[in-house]
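For reference, the chains in residue letters:
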Amino acid sequence: QSALTQPASVSGSPGQSITLSCTGTSSDVGSSEFVSWYQQHPGKAPKLMIYEGSQRPSGVSSRFSGSKSGNTASLTVSGLQAEDEADYYCFSYAGGSTWVFGGGTKLTVL
Amino acid sequence: QVQLVQSGAEVKKPGASVKVSCKASGYRFIGYYIHWVRQAPGQGLEWLAWINPDGGDTKSAQKFQGRVTMTRDTSIYTAYMELSGLRSDDTAVYYCARVFRGVLMDVWGQGTTVTVSS
């Protein structure tokens, strides 16, 4: 099972909107309703930001939104804030009771 | 409150095995699967396996099949992940995470650093 493909880095200025992509195949992202996104700050455990493609857990800012089209899932962060600077990972069901992460994207707020 | 508390850091020699524990509190242990995830230094997250604390059934990533064993002790609300045949590239922080509704990880342990070095 290969890792899902994410851009290594994305940057944006405060107040801007950015979109992080997560590309898989028809065997994972393309056929899964269960794509989630995790934020990780240095030295910390990951934190759930989006689940089931577009659902936001309570307590997560509405500035975070998710979507999916074909084999690509996306996480959009609007109104960028300094605290959004972190690594972001997508995670998808991959069939056969297995799961797979993306390689991660480092988001830099300029 | 709901939390997962993992065992402390380990240093192992190549070829040895390591067993990491993950103790649950604040919720019904057998009601939620546990995922195991690792992160090598400077690298991304990697999914290893899951265990169903209720029935004890497990599933691991193909990469780790034959090397990873997940068990649980329901009497003390603890899940275990044992990795054998350790290599230097198994050096990583190992996390356990509660699986909510079968599809998302909502509570994470603090991580256990495993260092493999001769």
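Whatever comes next refers back to the structure up there.
Rules behind the numbers
- Residues numbered from 1 in each chain as written.
- Chains lettered and ligands numbered in written order.
- Predicted model: local features only at pLDDT ≥ 70, side-chain atom pairs only at ≥ 80, totals over all residues.
- Heavy atoms only, no water.
- Helix = DSSP H or I, 4+ residues; strand = E, 2+ residues; numbered from the N terminus.
- Buried < 20%, exposed > 50% of the residue type's maximum accessible area, 1.4 Å probe, protein only.
- Polar contact = N/O pair within 3.5 Å; in protein donor to acceptor, adjacent residues only side chain to side chain.
- Phe/Tyr/Trp six-rings, centres within 6.5 Å; stacked < 30°, edge-to-face > 60°.
- Pairing = 2+ DSSP bridges.
- 1 Å grid on protein atoms, 1.4 Å probe; cavity = no way out; pocket = protein on both sides within 12 Å on 5 of 7 lines; lining within 4 Å.
- Points joined across faces, edges and corners; volume = space filled by probe spheres on them.
- Nonpolar A, V, L, I, M, F, W, Y, C, P; charged D, E, K, R; others polar.
- Contact = heavy atoms within 4.5 Å.
- Buried area = accessible area lost by both parts, 1.4 Å probe.
- Salt bridge = Lys/Arg side-chain N within 4 Å of Asp/Glu carboxyl O.
- Axes fitted to C-alpha atoms, helices over the stretch in contact; angles between N-to-C directions.

Trainee: Which parts of the structure should I look at to understand the side chain of Gln-6 of chain B?
Mentor: Residue and element names in this part refer to chain B. Locating Gln-6 in the fold gives a position in strand 1 (residues 3–6). The exposure class assigned to Gln-6 is buried, which follows from its relative accessible area of 6%. In terms of polar contacts, Gln-6 uses its side chain to reach the backbone carbonyl oxygen of Tyr-94, at 2.7 Å. Polar side-chain contacts of Gln-6 include one of 3.1 Å to the side chain of Thr-112.

Trainee: It is not clear to me how the packing of aromatic side chains should be interpreted in this structure. Could you clarify?
Mentor: Two aromatic rings are characterised by how far apart their centres lie and by the angle between their planes. Residue and element names in this part refer to chain B. Overall, the coordinates contain 12 aromatic pairs over all chains when judged by the stated rule. When the ring of Tyr-33 is compared with that of Trp-50, the centres are 5.0 Å apart and the planes differ by 40°; the resulting orientation is tilted. Placement of Tyr-33 in strand 4 (residues 33–39) and of Trp-50 in strand 5 (residues 45–51) is noted, with a sequence separation of 17 residues between them. Tyr-33 sits in the partly exposed class, given a relative accessible area of 33%. Exposure remark for Trp-50: the relative accessible area of 9% places this residue in the buried category. On the numbers, 5.8 Å between centres and 85° between planes, the contact of Tyr-95 with Trp-108 is edge-to-face.

Trainee: What exactly am I supposed to notice about the pairing of strand 4 (residues 47–50) of chain A here?
Mentor: Remark: a regular strand shows side chains that alternate across the two faces of the sheet. All names here are of chain A. Across 3 bridges, strand 3 (residues 35–40) lies against strand 4 in antiparallel orientation. In the strand pairing of strand 4, Tyr-38 is matched with Leu-48. Counted along the chain from strand 3 to the antiparallel partner strand 4, the turn is 6 residues long, and its residue Gly-43 has a positive phi close to 75°.

Trainee: What is the right way to read the layout of surface pockets from this model?
Mentor: Over the atoms a probe the size of a water molecule is rolled, and this reveals where empty space is left. Of the voids in this model, the largest pocket is the one considered here, and its volume is about 810 Å³. Around the largest pocket, the lining is made up of 44 residues, and of these Arg-38, Gly-44, Leu-45, Glu-46 and Trp-47 of chain B lie nearest the centre. Of all elements in the fold, only strand 7 (86–95), strand 8 (98–101) and strand 9 (105–109) of chain A together with strand 4, strand 5, strand 9 (92–100) and strand 11 (112–116) of chain B reach the threshold of two or more residues within the lining of the largest pocket. By residue number, the principal contributor to the lining of the largest pocket is strand 8 of chain A, which donates 4 residues. Looking at the lining of the largest pocket residue by residue, the classes come out as 17 nonpolar, 19 polar and 8 charged.

Trainee: How should the interface of chain B and chain A be read in this particular structure?
Mentor: Where the parts come together, the accessible area they lose is often given as the size of the interface. Taken together, the contact pairs 19 residues of chain B with 19 residues of chain A. Between chain B and chain A lies a buried interface of about 1,600 Å² when both sides are counted; carbon and sulfur atoms form 65% of it. When residues of chain B are sorted by the area they lose upon contact with chain A, Leu-45, Trp-47 and Val-103 of chain B head the list and together hold 36% of the total. Counting across the chain B and chain A interface gives 1 salt bridge.

Trainee: Mind showing me how you'd approach the sheet that holds strand 6 (residues 72–77) of chain A here?
Mentor: Two orientations exist for strands paired in a sheet by backbone hydrogen bonds: parallel and antiparallel. Residue and element names in this part refer to chain A. Spatial strand order, 2-6-5: 3 strands in an open sheet with antiparallel pairing. Sheet topology places strand 2 (18–23) and strand 5 (64–69) at the edges, where each strand pairs with a single neighbour. Sheet twist, expressed as the average angle between the axes of neighbouring strands with direction ignored, equals 20°. Strand direction decides the pairing type here: strand 2 and strand 6, joined by 6 bridges, are antiparallel.

Trainee: Even after reading the chapter, I still don't get the sheet that holds strand 7 (residues 68–73) of chain B, so can you show me in this structure?
Mentor: Residues and elements named next belong to chain B. Spatially, 4 strands are ordered 1-3-8-7 in an open sheet, and the strand pairing comes out antiparallel. What marks the edges here is a single partner per strand, and that holds for strand 1 and strand 7. Averaged over all pairs of adjacent strands, the angle between strand axes in this sheet comes to 20°, irrespective of strand direction. As paired elements, strand 3 (residues 18–25) and strand 8 (residues 78–83) share 6 bridges and run antiparallel to each other. Directly across from Lys-19, in strand 8, lies its bridge partner Glu-82.

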